[in-house]
Amino acid sequence: MKPYLKYIVGAMLFAAFFCCYYFVAPHILYFQEQHHLFLWSADYWRNMAHLRGPLYPLMAFVVQFCYYPALGAAVWSLLLVLVYFMLQSVVYRLSGYRDLFQITTLVPVYLCSSMLTIDAYPMEPVRWFVWIFAIWALAMIFGGRRLPWVRRRMESREPGRRCWAWLSPLLAVVCLGAGYQAFVKERVAGPIHEAERTMIETEQSVRARRWADVLERTDAWAATGHKNHLMSYFRALALYHTGGLFDHLLDYPQTFGIRSLFFPWRGDKNQAEYGHYVYQDLGHINEAHRWVFEAMVGWGETAPLLNYMVEYNIAMGRPVVADKFLCKLEQSTFYGRRAEFLRGCLADGKVPGLRYAMEGVSPDPVRWNNVINIGGETKFILLKDPENEMARQYLLMSMLLVGNGDAAVRTLIEHYPVAENRVLPRLVQEALVMYRMSMGMDAINSLGYEISPEVENRFREYMVENAKGANARFNIGQRRSYWYYVQHILPRVNHDFSRKQAQSQS
Amino acid sequence: MNKFFSYIVAILAAVAAAACGPKSVSPDVMSPEAPAMNPDYAGVTFPPNIAAPSFNIEPDFAAAEFQTEVGRCGQTPEIIVRSSEPAVELPLKKWRGLLGRSVGDSIYFRITVRDAGSGKWIGAPDVVCPVSEHEIDGYLVYRQLYPGYELWSEMGIYQRSLENYDVTPILENKDLNNQCINCHNFSANDPSRGMMAHVRGPQGGTLVSKEGRVEKISSRMEGLDHGATYPSWSRDGRYIAFSANNVIQVFHTAGTKPIEVVDMGADLIVYDTETHKAYTDATISGQHHLETFPHWTPDGSRIYFCRAAGMTDTTRFDTVRYDLYRVDFDRQTGRFFNLQPVYEASADSMSVSFPRVSPDGRWLMFTRSRYGNFSIWHPEAQLCLLDLRDGTIREMDEVNSDNIESYHSWSSDGNWFVFSSKRLDGLTARPFIASFDSATGLAGRPFAMPQESAGFYRLQTKTYNIPELTVAPVTNQDALFDGVVGQPAKSVMLIRNH
């Protein structure tokens with residue numbers, strides 16, 4: 001075999017791995033980069049090696065390059081190609097034969113696949129790389145002509161046949177295909193992979209505050225009929241930020257009810273890293289900080305969590321604590337610019353764009369957060385920060401989603417005075433029509449809010465259809481109504497919730 | 001050849017010069033005050049066997065170079081560190097030698113800083129630190145974890161040699177499927193006499209290690225509503241007093257206090273490590289009161305503890321205040337009698353936690369905060385001292401700061417104590433050590449446990465929980481591990497006296 005053939009195969013492998021990482025699974029690189037932070041400090045090496053294994057710092061070192069997806073894909077691909085080259089060399093140095101059949105390509109293909117998951121550290125390729133490097137080094141030192149059978153083979157070797165010049169790369173392609181089929185396909189082509197990708201990319205957009213993109217993704221998800229609390233939560237956030245919370249929340253079945261608006265605290269590490277978004281936007285920084293801290297306890301000191309810790313502590317007036325986390329961020333390779341920006345914020349004592357609704361609120365008398373219902377929190381925020389539009393909308397929406405007519409009407413009177421809000425969003429009008437049935441026509445009419453004839457007509461049509469019981473066939477407009485939500489979805493929400501409560505208590 | 005030798009001589013001379021260290025510079029001008037040290041070691045009393053402190057020099061002007069000289073008072077400096085960096089990390093061997101020669105005397109830190117603007121060396125008065133005649137117990141055992149709220153991940157109980165910087169793990173939850181480990185305690189500061197810790201999780205239980213033998217008992221005793229929690233082991237090694245707490249966590253909406261941990265129920269029990277029976281009675285358990293944080297007197301005849309009115313549906317968590325109580329224990333019958341209030345803090349709208357009687361039985365140190373008992377999150381929490389002879393109480397101003405002081409424990413001889421304080425950053429608890437004079441009841445200025453790196457406390461994001469001084473290292477780590485994974489928890493018979 002011509003020596004240059006392995007370089008041709010190596011280049012093919014590099015291209016294949018790079019395409020896989022960069023085009024098929026960029027979200028995995030992003031996810032891993034966001035969950036492992038490499039720091040340039042001896043303490044970091046010592047602690048991480050002790051707590052997570054001696055190879056963890058090395059893995060985090062490689063993962064950090066995924067900050068730039070193309071660079072990350074290239075570095076990982078290079079690592080795998082080096083594994084291939086070393087194996088080629090080891091086979092030759094120990095046996096005297098070239099790996100003409102390119103069986104060694106199967107190893108990097110397997111290692112490539114082992115990284116295509118968010119459920120485990122991307123440790124396998126690093127571990128294999130280190131071991132293979134050690135074997136290769138030993139083979140280089142003690143192998144080759146020092147081994148009698150290799151020397152005999154090398155001395156009697158005939159000139160390579162020409163046919164291998166094209167056959168060997170062809171076999172490499174075959175091995176690559178076989179490896180793909182055996183190891184990779186399941187991880188990049190299955191529905192779980194697609195769902196993971198959608199969720200990770202949606203969260204990426206949430207972090208970047210690209211709300212139109214978040215809405216597009218979450219709408220597409222909801223349209224498939226899949227239930228997912230995280231996507232539902234992101235959709236509500238995106239709807240608020242794009243001004244469509246009351247008009248479009250019920251466009252898809254709200255099977256999580258009020259929990260679409262937030263995560264009730266359940267001590268779940270996986271939820272912990274997402275729960276803070278809504279509190280951050282509400283300006284309830286103490287609660288956002290708690291979520292992020294819990295996430296940090298669960299996931300370790302990752303770059304996004306350190307960033308939030310710095311921001312929130314600056315907002316809460318705890319500069320020394322903010323500095324502690326900022327120092328960590330400053331030890332990273334790629335977050336220097338962000339750290340510099342945050343250092344400036346620390347000096348100024350505020351973070352641009354971060355609202356702190358509790359500023360100046362006395363801790364006396366003590367008030368405790370309601371960690372399982374966002375309604376109480378938004379109500380308190382509005383007491384301290386009456387201009388907080390998000391708290392206003394989330395409070396009313398939370399009352400509507402739990403079907404608490406009395407509380408919803410009280411919220412309307414208090415926060416949506418009729419003088420300024422005579423015409424309410426469609427969803428609220430629908431709720432008022434419904435509440436007329438329980439609270440009385442006069443009681444609702446006397447509030448002074450306008451209910452459009454169109455809503456009245458649709459309600460009549462809905463009631464006619466609803467009267468058919470099991471034979472009712474609701475059209476899309478009726479399915480998006482508040483009436484449909486209360487009568488057909490909310491009972492299921494409550495049932496699911498009771499079941500989950502019972503499960504968690506047991 | 002001659003040239004070759006001259007090179008060799010030059011190199012050897014350079015090496016020798018480097019080995020001799022820098023020569024001290026004399027200040028061009030004097031400043032009236034020494035620049036700040038962070039962590040602050042100014043004026044503290046050092047035990048003669050403590051590791052060298054590392055600190056940063058923080059002058060209030062831009063400095064280009066820093067020089068620190070350390071020596072015995074009245075003598076030339078024995079250690080000189082000069083650098084363009086403000087970090088001062090002293091050589092351990094020289095430091096220990098210096099302390100050894102300065103026992104009962106004082107040492108000084110002479111800090112000279114070169115002003116970046118004028119280029120002049122600015123001197124300052126010496127920072128003088130007494131060196132005690134009393135050695136401190138050689139090890140500090142603590143739990144280290146993130147100062148989180150409800151979740152946990154990496155945590156462990158570690159021991160640190162105070163004479164150098166060696167840290168060794170005793171139990172780490174990475175080896176125990178991430179189960180929670182907490183509330184370690186010792187009998188008379190001696191791990192070989194008795195050590196215990198709780199493990200919470202599928203392999204949960206209370207590890208009781210006595211003279212090297214480890215057994216796991218069930219933390220949840222039959223007939224008791226809650227599991228064993230805060231311990232105190234009698235000095236004779238026979239009894240462990242526990243509070244059995246049912247706690248919940250609540251979170252502050254505003255202000256700098258993030259969390260409150262609240263007892264919904266709490267009772268006391270005493271576990272006999274010889275008979276494997278536990279005792280309680282209506283004096284120290286029941287719904288009417290919350291009883292927690294027990295601590296034995298040195299003779300093992302009396303338990304000091306904290307008591308508050310029991311929770312009702314209308315109790316506001318910020319009105320729960322604990323008083324200091326004591327109860328006598330009859331070692332023959334396992335009965336409790338002579339319940340007495342010692343300090344009714346609630347009358348002053350204050351609350352007591354962590355009562356700790358000194359080894360000579362004369363002093364009782366406790367933490368006082370405005371409400372509740374989880375003082376580690378209360379910025380107003382302060383250490384107080386009760387003279388058990390005359391009942392007088394005072395705040396320990398010489399050790400308190402304007403931030404949190406909380407958990408504390410005495411050394412085996414009572415000449416030192418260690419306590420958790422969040423004074424450095426308000427978030428993470430650090431172990432502070434202070435000398436104590438039992439004759440006067442006065443403590444020395446406290447100092448943060450020395451670390452090898454000057455920036456350690458600034459960068460370390462984990463907290464030191466339950467610092468306990470021990471006279472010797474824990475050596476039966478394997479047995480403790482086997483106790484967790486290899487033993488089922490033995491049930492304990494609870495005898496409820498009436």
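Residues numbered from 1 in each chain as written. Chains lettered and ligands numbered in written order. Predicted model: local features only at pLDDT ≥ 70, side-chain atom pairs only at ≥ 80, totals over all residues. Heavy atoms only, no water.

**Student:** Let's hear about the overall build of chain B: which residues, and what values?
**Tutor:** Per the secondary structure count, chain B includes four helices and 35 strands. Taken over C-alpha atoms, the radius of gyration comes to 25 Å for chain B, in line with the 23 Å a tight globule of 498 residues would show. For chain B, the C-alpha atoms occupy an extent of roughly 95 × 55 × 45 Å along the three principal directions. Looking at chain B residue by residue over its 498 residues, the buried ones come to 57%. In chain B, once contacts between residues fewer than 6 apart in sequence are set aside, the share between residues at least 24 apart is 59%. (Helix = DSSP H or I, 4+ residues; strand = E, 2+ residues; numbered from the N terminus. Rg over C-alpha atoms; globule rule 2.2 N^0.38 Å. Buried < 20%, exposed > 50% of the residue type's maximum accessible area, 1.4 Å probe, protein only. Contact = heavy atoms within 4.5 Å.)

**Student:** Could you give an account of the overall build of chain A, naming the residues involved and the relevant values?
**Tutor:** The number of helices and strands found in chain A is 27 helices and zero strands. Viewed in the frame of its principal axes, chain A has a C-alpha envelope of about 105 × 60 × 40 Å. Counting every position in chain A, which comprises 506 residues, the buried fraction comes to 55%. Intrachain contacts of chain A at a sequence separation of at least 6 include 68% that bridge at least 24 residues. Per element, the accessible surface of chain A, about 22,900 Å² overall, is 59% carbon and sulfur. For chain A, the distance from the average position of its 53 positive side-chain charges to the average position of its 45 negative side-chain charges is 12 Å. (Areas by Shrake-Rupley, 256 points an atom, 1.4 Å probe, with all protein chains shown as cover. Lys, Arg positive; Asp, Glu negative; His and termini not counted. Charge placed at Lys NZ, Arg CZ, Asp CG, Glu CD.)

**Student:** Outline the sheet that holds strand β3 (residues 54–58) of chain B, supporting the account with residue identities and numerical values.
**Tutor:** All names here are of chain B. In space, the three strands of this open sheet follow the order β2-β3-β6, with antiparallel pairing throughout. Whereas interior strands pair on both sides, the edge strands pair on one side only; in this sheet they are β2 (36–38) and β6 (87–89). For this sheet, the mean inter-axis angle between neighbouring strands, taken without regard to orientation, is 35 degrees. Pairing between β2 and β3: three bridges, direction antiparallel. By the bridge assignment for β3, Ala-36 is matched with Glu-58. (Pairing = 2+ DSSP bridges. Axes fitted to C-alpha atoms, helices over the stretch in contact; angles between N-to-C directions.)

**Student:** How would you explain the packing of aromatic side chains if you had to name every residue and give the values?
**Tutor:** Tallied over the entire structure, the rule returns 65 aromatic pairs over all chains. For the pair Tyr-68 of chain A and Phe-334 of chain A, a centre-to-centre distance of 5.6 Å together with 90 degrees between the ring planes defines the contact as edge-to-face. Note that Tyr-68 of chain A is positioned in the loop between α4 (56–63) and α5 (69–95) and Phe-334 of chain A in the loop between α18 (319–330) and α19 (336–348), a separation of 266 residues in sequence. For Tyr-68 of chain A, a relative accessible area of 46% puts it in the partly exposed group. With centroids separated by 6.2 Å and ring planes inclined at 35 degrees, the aromatic side chains of Trp-95 of chain B and Phe-109 of chain B adopt a geometry described as tilted. (Phe/Tyr/Trp six-rings, centres within 6.5 Å; stacked < 30°, edge-to-face > 60°.)

**Student:** Describe the interface of chain B and chain A, with residues and values.
**Tutor:** On the side of chain A, 42 residues touch chain B, which itself brings 38 residues to the contact. Broken down residue by residue, the surface that chain B buries against chain A is led by Leu-151, Phe-251 and Thr-253 of chain B, which jointly contribute 21%. Applying the counting rule to chain B against chain A returns four salt bridges. In this structure, the connection of chain B to chain A is made through 23 residue pairs in polar contact (both at pLDDT 80 or more). (Buried area = accessible area lost by both parts, 1.4 Å probe. Salt bridge = Lys/Arg side-chain N within 4 Å of Asp/Glu carboxyl O. Polar contact = N/O pair within 3.5 Å; in protein donor to acceptor, adjacent residues only side chain to side chain.)

**Student:** For the pairing of strand β24 (residues 335–343) of chain B, give the residues involved together with the corresponding values.
**Tutor:** Residue and element names in this part refer to chain B. Relative to β24, strand β23 (residues 323–330) runs antiparallel, the two sharing six bridges. What sits directly across from Asp-328, in β24, is Phe-337. Turn length for the β23-β24 hairpin, with the two strands adjacent in sequence and antiparallel, is four residues, and the turn residue Gly-334 shows positive phi of about 75 degrees.

**Student:** Quick rundown of the nonpolar core? Include the residues and the values.
**Tutor:** The biggest cluster of nonpolar side chains holds 164 residues, and the ones touching the most others in it are Tyr-21, Trp-76, Val-278, Tyr-394, Leu-400 and Leu-432 of chain A. Leave out the neighbours within four places in its chain, and Tyr-21 of chain A touches Pro-26, Leu-29, Ala-73, Trp-76, Ser-77, Leu-80, Leu-111, Cys-112, Met-115 and Leu-116 of chain A. Counting residues in each nonpolar core, the second largest holds 55 residues, with Val-88, Val-399, Phe-417 and Val-418 of chain B among its members. (Core = buried A, V, L, I, M, F, W, Y, C linked by side-chain atoms within 4.5 Å.)

**Student:** Account for α18 of chain A, with residues named and values stated.
**Tutor:** Over its 12 residues, α18 of chain A runs 16 Å from end to end, which matches the ideal 16 Å to within 8%, given 1.5 Å per residue. For α18 of chain A, the buried fraction is high: nine of the 12 residues fall into the buried class. Residues of α18 of chain A that are buried include every one of Val-321, Ala-322, Asp-323, Lys-324, Phe-325, Leu-326, Cys-327, Lys-328 and Leu-329 of chain A, and no others. Tucked inside the fold, the buried residues of α18 of chain A contact α16 (285–299), α17 (303–315) and α19 of chain A together with β31 (430–437) and α3 (456–459) of chain B. (Expected span 1.5 Å × (residues − 1).)

**Student:** Quick one: what's the story with the domain arrangement of chain B, residue by residue and with numbers?
**Tutor:** Residue and element names in this part refer to chain B. As assigned here, chain B comprises domain 1 (28–130) and domain 2 (139–493). Taking only C-alpha atoms, the centre of domain 1 and the centre of domain 2 are 35 Å apart. With 24 residues of domain 1 in contact, the opposing surface of domain 2 contributes 21 residues. A combined buried area of about 1,600 Å² lies between domain 1 and domain 2, and 57% of that area is made up of carbon and sulfur atoms. Remark: the boundary between domain 1 and domain 2 carries one salt bridge. Between Arg-445 and Asp-40 there is a salt bridge, with the nearest N and O atoms lying 3.0 Å from each other. At the boundary of domain 1 and domain 2, one finds 11 residue pairs in polar contact (both at pLDDT 80 or more). Every element with two or more residues in the side of domain 1 that touches domain 2 is listed here: β3, β6 and α2 (92–101). Residue composition of the side of domain 1 that touches domain 2, by class: 15 nonpolar, six polar and three charged. (Domains from an automatic or database assignment. Nonpolar A, V, L, I, M, F, W, Y, C, P; charged D, E, K, R; others polar.)

**Student:** Mind laying out the packing of helix α10 (residues 191–207) of chain A against helix α12 (residues 229–241) of chain A, listing which residues take part and the relevant values?
**Tutor:** Residue and element names in this part refer to chain A. Contact geometry of α10 with α12 gives a least axis separation of 11 Å together with a crossing angle of 30 degrees. As far as their axial angle goes, α12 and α10 are roughly parallel. Like other packed secondary-structure pairs, α10 and α12 cross with a definite hand, here left-handed. Contacts between α10 and α12 pair Thr-198, Met-199, Thr-202, Glu-203 and Val-206 from the former with Leu-230, Met-231 and Phe-234 from the latter. Its residues assigned to classes, the contact of α10 with α12 comprises five nonpolar, two polar and one charged. (Parallel < 35°, antiparallel > 145°, perpendicular 65-115°, else oblique. Left-handed = near helix turned anticlockwise from the far one by under 90°.)

**Student:** Any details on the sheet that holds strand β21 (residues 289–296) of chain B? Residues and values, ideally.
**Tutor:** All names here are of chain B. Here four strands make up an open sheet; going across it, the order is β21-β22-β23-β24 and the pairing antiparallel. Of all the strands in the sheet, the pair left with one neighbour each is β21 and β24. Direction aside, neighbouring strands of the sheet carry axes that sit 30 degrees apart on average.

**Student:** Which residues make up the side chain of Lys-462 of chain B, and what values go with them?
**Tutor:** In this fold, Lys-462 of chain B is placed in the loop between α3 and β34 (463–470). Judged by its relative accessible area of 11%, Lys-462 of chain B is buried. Only 3.2 Å separates the side chain of Lys-462 of chain B from the side chain of Glu-154 of chain B, close enough to count as a polar contact. Ignoring anything within four residues of it in the chain, the contact list for Lys-462 of chain B reads Leu-51 of chain A together with Gln-144, Leu-145, Tyr-146, Pro-147, Glu-154, Thr-428 and Arg-430 of chain B.

**Student:** Lay out unusual backbone geometry with the relevant residues and their values.
**Tutor:** Looking along the chain, the bond that leaves Asp-364 of chain A and enters Pro-365 of chain A is cis, with omega of -5 degrees. Position of Pro-365 of chain A among the secondary structure elements: in the loop between α19 and α20 (374–384). For the bond running from Asn-38 of chain B to Pro-39 of chain B, omega is -5 degrees, close enough to zero to count as cis. Along the chain, Pro-39 of chain B turns up in the loop between β2 and β3.

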